[in-house]
Amino acid sequence: MNKLSGLLLVFVVIGSVAHADQTLKYFNNDKYNDVKIKTYQKANLNEVCFKGGKPNCKAWTTFNAKPKTPTKNPTPLAGNPAALYCWDVGAKNRILKAQNSDQYDFCVFDDNSMIDSWDLYYKHFPK
């Protein structure tokens, strides 16, 4: 396998979307914490967003906001555009793990709300 196909393989596995109502693991402060993910209107969000029933958090507000201009990546084919976009909207990109070791990119906001970075990216920049 050449370097390019190896990069694309990793990109596809990390870029896949989490399933609804799934518990993922989030490494924070030197330990893994469980994060419950729910799907609402084509967005995978953590339970922090659902305290009042319907989503009410920065992740959900950002999902429904006008798109920001994405940062231009200086290296072609390197990087993850959805992960970079997390930074553009004021969040940090973090990897969450499923029990089967699948990995998912999530944008984590300062109110501890999370959204699948690819859900956010494709909402703002459709395929």
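Reference entry: report on the structure contained in this document. Throughout, residues of each chain are indexed from 1 in the direction in which the sequence is written. For this predicted model, a pLDDT threshold of at least 70 governs which residues receive local features, and a threshold of 80 or more governs which side-chain atom pairs are given and counted, while totals over whole chains, interfaces and linings are taken from all residues. By convention in this description, side-chain values take in all heavy atoms of the structure and omit both hydrogens and water.

**Some points on the packing of helix H3 (residues 81-88) against helix H4 (residues 117-124)**
Item 1. Following both chains from N to C, one finds H3 and H4 inclined at 80 degrees, their axes separated by 9 Å at the closest point. Considering the angle they form, H3 stands roughly perpendicular to H4. Where H3 abuts H4, its residues Pro81, Ala82, Ala83, Tyr85 and Cys86 lie against Ser117, Trp118, Leu120, Tyr121 and His124.
Item 2. A class-by-class count of the residues in the contact of H3 with H4 yields eight nonpolar, two polar and no charged. Whenever a helix is involved, its axis is fitted only over the stretch in contact; in every case the axis is a line through C-alpha atoms, and angles between N-to-C directions fall within 0 to 180 degrees. Secondary structure elements follow DSSP: runs of H or I no shorter than four residues count as helices, runs of E no shorter than two count as strands, and numbering proceeds from the N terminus. Orientation categories follow fixed angle ranges, with anything under 35 degrees roughly parallel, anything over 145 roughly antiparallel, 65 to 115 roughly perpendicular, and all other angles oblique. Any pair of residues with heavy atoms lying within 4.5 Å of one another is described as a contacting pair. Each residue gets one of three labels, nonpolar for Ala, Val, Leu, Ile, Met, Phe, Trp, Tyr, Cys and Pro, charged for Asp, Glu, Lys and Arg, and polar for the others, Gly among them.

**Re the environment of Val35**
Item 1. For Val35, the position within the fold is in strand E2 (residues 31-40).
Item 2. With relative accessibility at 4%, the residue Val35 sits in the buried group.
Item 3. In the structure, Val35 is positioned 63 residues away from Ala98 in sequence and 10.0 Å away in space, judged by C-alpha atoms. When a residue's accessible area, from a 1.4 Å probe over protein chains only, is under 20% of the maximum for its type it is buried; when over 50% it is exposed; and in between it is partly exposed.

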